[in-house]
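The chain contents come next:
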Amino acid sequence: MDGTTAYLAAGCLVGLVVAGFALRWWRGRSAAARRQQRRYDGGQRRDPRRIEVGDIVEIGDATYSVQGSIRLVEGEWRWAEHLLDEHGDRCRLSVAESPAFELVLWESVPRDPTVTPGAPVVESGGRRYSWHESGQARYTASGVTELTPSGTMRYHDYRAPGGARLTFEAYGEAGWEMARGERLDSDSVTVHPQHGS
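Residues numbered from 1 in each chain as written. Predicted model: local features only at pLDDT ≥ 70, side-chain atom pairs only at ≥ 80, totals over all residues. Heavy atoms only, no water.

*Asks:* Any details on the overall build of the chain? Residues and values, ideally.
*Replies:* Across its full length, the chain carries one helix and eleven strands. The helix and strand sequence of the chain, counted from the amino end, reads α-β-β-β-β-β-β-β-β-β-β-β. The buried share of the chain, taken over its 197 residues, is 36%. Taking the intrachain contacts of the chain between residues at least 6 apart in sequence as the baseline, contacts between residues at least 24 apart amount to 49%. Carbon and sulfur atoms make up 54% of the accessible area of the chain, which amounts to about 12200 Å² in all. (Helix = DSSP H or I, 4+ residues; strand = E, 2+ residues; numbered from the N terminus. Buried < 20%, exposed > 50% of the residue type's maximum accessible area, 1.4 Å probe, protein only. Contact = heavy atoms within 4.5 Å. Areas by Shrake-Rupley, 256 points an atom, 1.4 Å probe, with all protein chains shown as cover.)

Encoded structure:
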């Protein structure tokens, strides 16, 4: 066997090994997605990625109604923010699926005028947050959101140790709004479809 043949054989072997790992990874993700979907089959619960206006969302001991939904697109990324109401107490639930499935519960907080959106580090509520990402997305809104039906949204996202989040968002020409968030375990969120649909 000459050197060229040996290199070709080694290359084919490496290619087969990589393809095998990729296939196992894909099968694992597909199986996980099927297990997740089975959790919501039967009409009793809705997958959080399919929340609609009018649904009921239980988070821990609190029960919220979904008043409005904002669906956002930035390049290949898609996520949603659902406006929740519990007897006048309002918050937001963001649902993202890429790069990983993630649920974050957000609470609006008064913006400190000394804090600059986009700064490398921000301190708020006794925590120190580090910049994570910034961007601009297109949105479509439904239900009660106080937004135009479509437009653009700018954001600066921050993270702190332990899963704490901080975000600055500006819809259209409006000024910056600030919210603090906590990542949720998917098992702590139950979604009941509107009218049992």
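*Asks:* Go over the pattern of salt bridges, please, and point to the residues and values.
*Replies:* Counted according to the given criterion, the structure contains eleven salt bridges. The partner of D47 in a salt bridge is R49, and the shortest N-O contact between them spans 3.0 Å. According to the relative accessible area criterion, D47 is buried, its value standing at 3%. For R90, the salt bridge goes to D85, with nearest N and O atoms at 3.2 Å. Look at D85 and you get buried, because its relative accessible area is 13%. One salt-bridge network, in which partners are shared between bridges, spans R46, E52 and D55. (Salt bridge = Lys/Arg side-chain N within 4 Å of Asp/Glu carboxyl O.)

*Asks:* Could you give an account of the nonpolar core, naming the residues involved and the relevant values?
*Replies:* Counting residues in each nonpolar core, the largest one holds 14 residues, and the members touching the most others are I51, V57, I59, L84, L93 and V189. Elements with a contribution of two residues or more to this core: strand 1 (56-59), strand 2 (62-74), strand 4 (89-96) and strand 11 (189-192). Apart from the residues within four sequence positions on either side, L84 is in contact with V57, I59, Y64, S65, V66, D89, R90, C91, L93 and L105. Of all hydrophobic cores here, the second largest spans eleven residues; its members include A119, A160, A164 and F168. (Core = buried A, V, L, I, M, F, W, Y, C linked by side-chain atoms within 4.5 Å.)

*Asks:* Before we move on, can you summarise the pairing of strand 2 with the specific residues and values?
*Replies:* Here strand 1 pairs with strand 2 via four bridges, running antiparallel. Within strand 2, the residue paired with E58 across the bridge is T63. Where strand 2 lies against strand 3 (residues 77-86), nine bridges are found, and the strand directions are antiparallel. Looking at strand 3, one finds that S65 is bridged to D85. Linking strand 2 to strand 3, which pair antiparallel, is a turn of two residues; within it G75 sits at a positive phi near 60 degrees. Pairing analysis gives six bridges linking strand 2 to strand 7 (residues 127-143), with the strands arranged antiparallel. (Pairing = 2+ DSSP bridges.)

*Asks:* I'd like to hear about the packing of aromatic side chains, residue by residue, with values.
*Replies:* Counted under the stated rule, the structure contains three aromatic pairs. With a centroid separation of 5.3 Å and an interplanar angle of 80 degrees, the aromatic rings of Y139 and Y171 are classed as edge-to-face. Residue Y139 is located in strand 7, and its partner Y171 is located in strand 9 (residues 164-171); the two are separated by 32 residues in the primary sequence. The ring of F101 has R49 sitting right over it, with the charged end atom 4.4 Å from the ring centre. Lying over the aromatic face of W176, R154 brings its terminal NZ or CZ to 4.9 Å of the ring centre. (Phe/Tyr/Trp six-rings, centres within 6.5 Å; stacked < 30°, edge-to-face > 60°. Lys NZ or Arg CZ within 6 Å of the ring centre and 35° of its normal.)

*Asks:* Any chance you could break down unusual backbone geometry for me, citing the residues and the numbers?
*Replies:* Although it is not a glycine, H87 adopts a positive phi angle of roughly 50 degrees. Note on placement: H87 falls in the loop between strand 3 and strand 4.

*Asks:* How would you sum up the environment of V109? Please name residues and give values.
*Replies:* Here V109 shows up in strand 5 (residues 102-109). In this structure the C-alpha to C-alpha distance between V109 and G125, which are 16 residues apart in sequence, comes to 9.5 Å. When sequence neighbours within four positions are dropped, the list of residues in contact with V109 reads M178, A179 and R180.

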